[in-house]
Amino acid sequence: MDALAAIQLIMDCRYLMRQLGVEKIDHVYREGNKCADLLANMDFNDGLDFHIFDVAPDCIISDLCDDRNGVEYPRLLYDS
């Protein structure tokens, strides 16, 4: 992604945040949202930039159940 595309993406996000009344966003490590991490890494070869799912993809069903049940995943830190 070039700098101009990144700037446009940030501006679009800020616009949507204002429209939705979102005042703050927080960083969540991938261990804290495994479903989003799995979806972000899915290989979409259909040429679309945006996807809406009527039903959750099979690859995240077990993680959605874990999330609903409050399962926590520790963040592993390594000494360098």
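Given the structure is predicted, the values throughout are model-derived calculations rather than measurements. (Residues numbered from 1 in each chain as written. Predicted model: local features only at pLDDT ≥ 70, side-chain atom pairs only at ≥ 80, totals over all residues. Heavy atoms only, no water.)

Caption draft 1: Spatial organisation of the overall build of the protein chain. Scanning the protein chain from terminus to terminus reveals three helices and zero strands. Reading the protein chain from its N end, one meets helices and strands in the order α-α-α. Relative to the 2.2 N^0.38 estimate, which gives 12 Å for 80 residues, the radius of gyration of the protein chain is 16 Å and therefore markedly larger than a compact globule would have. Each of the 80 residues in the protein chain was classed as buried or not, and the buried ones make up 5%. Summing over all exposed atoms, the protein chain offers an accessible surface of approximately 7,600 Å²; the carbon and sulfur share of this is 55%. (Helix = DSSP H or I, 4+ residues; strand = E, 2+ residues; numbered from the N terminus. Rg over C-alpha atoms; globule rule 2.2 N^0.38 Å. Buried < 20%, exposed > 50% of the residue type's maximum accessible area, 1.4 Å probe, protein only. Areas by Shrake-Rupley, 256 points an atom, 1.4 Å probe, with all protein chains shown as cover.)

Caption draft 2: Up close: the pattern of salt bridges. With the rule as written, the count across this model stands at two salt bridges. Here K24 makes a salt bridge to D26, at a shortest N to O gap of 3.6 Å. Each of the two residues, K24 as well as D26, counts as exposed. (Salt bridge = Lys/Arg side-chain N within 4 Å of Asp/Glu carboxyl O.)

Caption draft 3: A look at the side chain of D63. Inspection of the secondary structure puts D63 in helix α3 (residues 61–68). Each residue touching D63, except ones within four places of it in the same chain, is listed here: K34, C35, L38 and Y73. (Contact = heavy atoms within 4.5 Å.)

Caption draft 4: Structural detail: the packing of aromatic side chains. Enumeration over the complete set of coordinates arrives at zero aromatic pairs. Across the ring face of Y73, the terminal group of K34 is positioned such that the distance to the ring centre comes to 4.3 Å. (Phe/Tyr/Trp six-rings, centres within 6.5 Å; stacked < 30°, edge-to-face > 60°. Lys NZ or Arg CZ within 6 Å of the ring centre and 35° of its normal.)

Caption draft 5: Main features of helix α1 (residues 3–20). Given a rise of 1.5 Å per residue, 18 residues ought to cover 26 Å, and the 26 Å separating the end C-alpha atoms of α1 matches this to within 8%. Two residues or fewer past α1, G21 is found with a positive phi of approximately 75°. (Expected span 1.5 Å × (residues − 1).)

Caption draft 6: Local environment of the environment of R30. Among the structural elements, R30 can be located in the loop between α1 and α2 (34–40). Along the primary structure R30 and Y73 are separated by 43 residues, whereas in three dimensions their C-alpha atoms are 9.5 Å apart.

Caption draft 7: Seen up close, a nonpolar patch on the surface. Taken together, the side chains of Y15, L16, L20, V22 and I25 present a nonpolar region at the surface, about 530 Å² in accessible area. If you trace the backbone, I25 turns up in the loop between α1 and α2. Under the relative-accessibility criterion, I25 is labelled exposed at 62%. (Patch = residues over 30% accessible without salt bridge, like charges linked within 9 Å, V, L, I, M, F, W, Y side chains within 5 Å.)

Caption draft 8: The arrangement of the state of the cysteines in detail. Going through the model one piece at a time under the given rule, you end up with zero disulfides. With no disulfide of its own, C65 lies 9.1 Å from the sulfur of C35, the closest cysteine sulfur. C65 gets classed as partly exposed once you look at its relative accessible area, which sits at 28%. (Disulfide = S-S within 2.5 Å.)

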